[in-house]
Amino acid sequence: MRALLIVNPNATSTTPAARDLLAHALESRVSLVVAHTSHRGHAAELAEQAAADGIDLIVVHGGDGTVNEAINGFLAPPTRGAAPVGWTPQIAVLPGGSANVFARSLGIAADPVDATNQLIDLIGAGVRRRIGLGYADKRWFTFNSGLGIDARVCESIDNSRNNGHIVSPSRYVRAAITEFFKSIGNDPTLTIECPDREPVDGVHYAFVSNSSPWTYMGTRPVHTNPNTSFDTGLGVFAMRSMGVASGLRVSRQLLAEGAEPKSSKLFRVDDVPRVRITAAEPIGFQMDGDYLGMREEVEFFSVPAAIEVVAPLTPQ
């Protein structure tokens, strides 16, 4: 098997020594080429070339942004809502960022060395899994996208990273609290449209999920849509209130084990094939934790069995 290891050397939790160790270990199972990213979008360029060269497996050692770039580099847009026709490389993930949400959702070990040993065992056993992805704004996403407060949190984190600050779960929490209180008093601008349902307006912010749980809070899972997975359609979580009391009540539910978030101020639905979100004025938009700017309309699609990943068949 021929494999390309894409390394983001600037990812939060990567070191030169660890990267060398991971590459050496992988070479015991695959014919490996290692490439380091040097600029934004480089992972997409490397993955696109790897697919053109017929590379069997793309291994990404970095954060969720690097994984997202790589997938968008080699995976063509969906065709009539279905996965692209034709051969594509398999993909595997070795955590290297601050959150590693996608890797955790797949059941990949949090420690890069443990994850490498896990990956070697999976390759040796021939374990593969096809998963669905989300598609919106001419781009694929793996676990989550959204408009509103979460996008502003991602923008704040990106600014902190660009200013040289280390990204950590506590920084995400501080950013979320700050953005929440800054938004109190703002008028709701979003309208949600799902198939076979009446439009829901008066929405302040919305998440569209492709898996559950997801989190930026270390090992603490967040369950916005507990019945959403890589094998279902998309989950929608939309809040129609910025009140402190309702916000705290729903937040407690999101962090509770086995919770099904409910509130008179919450619109939540699972397993939808598509959702359209419109805004009365431009609002922040994020995808897989990457802030993408302001949007007035985004339509999201669920694409079943879009890619093949080297990951446990039943994540714990």
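Further up the page is the structure itself.
Now for a description of the structure that goes with this document. If you're wondering where the values come from, they're calculated on a predicted model, not measured in any experiment. (Residues numbered from 1 in each chain as written. Predicted model: local features only at pLDDT ≥ 70, side-chain atom pairs only at ≥ 80, totals over all residues. Heavy atoms only, no water.)

## Some remarks on the nonpolar core
It is characteristic of soluble globular proteins that their nonpolar side chains tend to be buried jointly. If you look at the biggest cluster of nonpolar residues, it comprises 67 residues, and the most contacted ones within it are Ile71, Phe74 and Ile307. Excluding its chain neighbours within four sequence positions, the residues that come into contact with Phe74 are Ala47, Glu48, Ala51, Ile58, Thr88, Pro89, Ile91 and Ile307. Core analysis: the second largest hydrophobic core is formed by 25 residues, Leu190, Cys194, Val275 and Val298 among them. (Core = buried A, V, L, I, M, F, W, Y, C linked by side-chain atoms within 4.5 Å. Buried < 20%, exposed > 50% of the residue type's maximum accessible area, 1.4 Å probe, protein only. Contact = heavy atoms within 4.5 Å.)

## Description of the pairing of strand β15 (residues 274–287)
As paired strands, strand β7 (residues 144–147) and β15 are joined by three bridges and run antiparallel to one another. Across the sheet, residue Leu147 finds its bridge partner in β15, namely Phe285. Relative to β15, strand β8 (residues 190–193) runs antiparallel, the two being bridged by four bridges. Paired with Glu193 across the strands is Arg276, a residue of β15. Where β15 and strand β16 (residues 290–309) come together, ten bridges link them in antiparallel fashion. Paired with Val275 across the bridge in β16 is Phe300. (Pairing = 2+ DSSP bridges. Helix = DSSP H or I, 4+ residues; strand = E, 2+ residues; numbered from the N terminus.)

## Focus on the packing of helix α2 (residues 42–52) against helix α3 (residues 64–74)
Running from N to C, α2 and α3 cross one another at 40 degrees; their axes reach a closest spacing of 7 Å. Compared by their axis directions, α2 and α3 come out oblique. For the element pair α2 and α3, the recorded crossing hand is right-handed. Residues His42, Ala43, Ala44, Ala47, Glu48 and Ala51 of α2 lie in contact with α3, whose contacting residues are Thr66, Glu69, Ala70, Gly73 and Phe74. (Axes fitted to C-alpha atoms, helices over the stretch in contact; angles between N-to-C directions. Parallel < 35°, antiparallel > 145°, perpendicular 65-115°, else oblique. Left-handed = near helix turned anticlockwise from the far one by under 90°.)

## Points about the packing of helix α1 (residues 16–26) against helix α5 (residues 112–125)
Contact geometry for α1 and α5: axes closest at 10 Å, N-to-C directions at 10 degrees. The orientation of α1 with respect to α5, classified from their angle, is roughly parallel. Residue-level inspection shows Leu21, Leu22, Ala25 and Leu26 of α1 in contact with α5, the latter providing Pro112, Val113, Thr116, Leu119 and Ile120. Looking at the contact of α1 with α5 residue by residue, the class counts come to eight nonpolar, one polar and no charged. (Nonpolar A, V, L, I, M, F, W, Y, C, P; charged D, E, K, R; others polar.)

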